[in-house]
Amino acid sequence: MTRRKPSPVAESAAQRFAARIRPHDFYLEMISAIPDVNVFIKDVNSRWMMCDDGFVAMLGCRTKDEVIGRTDADFFPPHVSEVFLAGDRQVMRTGVPLLNHYEMVLKDDFTLEWYVTHKFPLRDEAGRIIGVAGINARAGCVDTPVLGNPQLNRALEHIRAHYGEKIGVETLASAAGMSLRSFERHFQNALGCTSVTYLRRVRINAVCRAIVSTARSLSQISLSCGYSDQSHMTREFRKLVGVTPREYRRRARR
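What comes next concerns the included structure. All residue numbers refer to position in the chain's written sequence, counted from 1. Reporting of local features is limited, given that this is a predicted model, to residues whose pLDDT is at least 70; pairs of side-chain atoms are given and counted only at 80 or more, and all residues count toward the totals for whole chains, interfaces and linings. Excluding hydrogens and water, the side-chain values take into account all heavy atoms of the structure.

**Focus: the nonpolar core**
Phe183, Phe187, Leu191 and Tyr198 are the most contacted members of the largest nonpolar core, which has 26 residues in total. In this text, buried Ala, Val, Leu, Ile, Met, Phe, Trp, Tyr and Cys residues form a nonpolar core when linked through side-chain atoms within 4.5 Å. Relative accessibility under 20% of the residue-type maximum defines a buried residue, over 50% an exposed one, and the middle range a partly exposed one, all with a 1.4 Å probe and only protein chains included. Of all hydrophobic cores here, the second largest spans 16 residues; its members include Ile204, Val207, Tyr227 and Val243.

As structure tokens, this is what we get:
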């Protein structure tokens, strides 16, 4: 079958038709009808400008007014928000979509979930990048491997089961059945960070969960989450979360 060239008349008609659609954010309602899928739009400063109701609920808010104009840094601790913001900057700098990017989200109820995110550059009529449009879909709780790569899933499972112990990159590569170089490359491509950085985040998130959901002392938590002592945990926690574990517990209880 001969492939025909797009009709200029048809293309023009489609553009005119699209311009008539009201409201312009109609597609937000359409996507929000899909279970566990959320959509958002950010400006060049990574401030949310549009989002659906599911995204609002994911952030623990009741109305869009509580979200519009704010950034990830207003809702997540630094070690989480910086991952999201770095993805925004990458898309706006390169103009290349960021697809199938797996992220851990610490929700407002202090539970942890996987979300797979797709981000696309937004351009104005002159072709200049003016923001980011994104879709994220709930992929399951953090304790469940979700990647499409079974080898990396084995490494993630090893981290999940042994994050309270000493784990080296060589051990993770062996669990995945991959060479060290191949493992690090595939891990970085799939999760947007090194396995060492990912392990640090898993441990910090485990600390967050233990602080909120148990009455264990900070010293006990530090040893169970893979730290040499409470001081080590406190240094890492403050570096990534921005406050001490003691202050975090106080805020969560409040």
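**So, the layout of surface pockets**
Buried and open spaces are told apart on a 1 Å grid over the protein atoms alone, a cavity being a set of points where a 1.4 Å probe fits but cannot get out and a pocket being an open set with protein on both sides within 12 Å along at least five of seven lines. Residues with an atom within 4 Å of a point are the lining residues. Grid points are joined across faces, edges and corners, and a volume is the space filled by probe spheres set on the points. Here the second largest pocket defines a volume of roughly 210 Å³. Numbering of helices and strands starts at the N terminus; helices are DSSP runs of H or I of at least 4 residues and strands are runs of E of at least 2. Counting residues per element, the ones that place at least two in the lining of the second largest pocket are helix H4 (78-94), strand E3 (98-106) and helix H7 (180-191). With four residues, H4 is the single largest residue contributor to the lining of the second largest pocket.

**Comments concerning the state of the cysteines**
When the sulfur atoms of two cysteines come within 2.5 Å, that pair is taken as a disulfide. The final tally for this structure, using the stated rule, is zero disulfides. Of all cysteine sulfurs in the structure, the one in Cys61 sits closest to Cys51, which takes part in no disulfide; the separation is 8.7 Å. Considering cysteine sulfurs only, Cys225 is the nearest to Cys208, which forms no disulfide, with 9.5 Å between them. A relative accessible area of 1% means that Cys208 is categorised as buried.

**A look at the side chain of Lys42**
For Lys42, the position within the fold is in strand E1 (residues 37-43). Two residues form a contact once any of their heavy atoms are found within 4.5 Å. Setting aside chain neighbours within four positions, we find Lys42 in contact with Arg47, Trp48, Met49, Asp72, Asp88, Lys119, Leu122, Ile130, Gly131 and Val132.

**What about the packing of aromatic side chains?**
Each pair of aromatic rings taken from Phe, Tyr and Trp, with Trp reduced to its six-membered ring, is defined by centres within 6.5 Å and is described as stacked if the planes are under 30 degrees apart, edge-to-face if over 60, and tilted in the remaining cases. Inspection of the entire model under this criterion finds six aromatic pairs. Relative to Phe55, the ring of Trp48 lies with its centre 5.3 Å away and its plane at 70°, an arrangement referred to as edge-to-face. The buried category is assigned to Phe55, whose relative accessible area is 3%. Members of the aromatic cluster, joined through ring pairs, are Phe40, Trp48, Phe55 and Phe75.

**Quick word on the pairing of E1**
With seven of seven residues buried, E1 lies mostly within the body of the structure. Residues Val37, Val39, Ile41 and Asp43 line one face of E1 and the alternating positions Asn38, Phe40 and Lys42 line the opposite face, and both faces are buried. For two strands to be treated as a pair, DSSP must find at least two bridges joining them. The pairing of E1 with strand E2 (residues 48-51) spans three bridges and is classified as antiparallel. Bridged to Lys42 within E2 is Trp48.

**Here we look at unusual backbone geometry**
Its identity is not glycine, yet Ser46 carries a phi of approximately 65°, on the positive side. With relative accessibility at 6%, the residue Ser46 sits in the buried group.

**A few points about the environment of Ser195**
Here Ser195 lies in helix H8 (residues 195-213). Placed 40 residues apart in sequence, Ser195 and Ala155 show a C-alpha to C-alpha distance of 9.1 Å. Those residues within four positions of Ser195 in sequence are excluded, and the remaining contacts are Val169, Leu172, Phe183 and Phe187.

**Observations concerning the pattern of salt bridges**
We define a salt bridge as a side-chain nitrogen of Lys or Arg found within 4 Å of a carboxyl oxygen belonging to Asp or Glu. Tallied over the entire structure, the rule returns ten salt bridges. In this structure, the salt-bridge partner of Lys42 is Asp88, at a minimum N-O distance of 2.7 Å. Of this pair, Lys42 sits in strand E1 while Asp88 is found in helix H4, placing the two residues 46 residues apart along the sequence. The same class applies to Lys42 and to Asp88, which are both buried. The partner of Lys119 in a salt bridge is Asp88, and the shortest N-O contact between them spans 2.6 Å.

**Observations regarding helix H11 (residues 245-253)**
Of the residues making up H11, those classed as buried are Pro245, Tyr248 and Arg249. Down the axis of H11, the buried set is contained in an arc of 100°. They therefore lie on one face. The directions considered for the arc run from the helix axis to the C-beta atoms.

Limitation: the analysis is restricted to geometry and does not speak to function.
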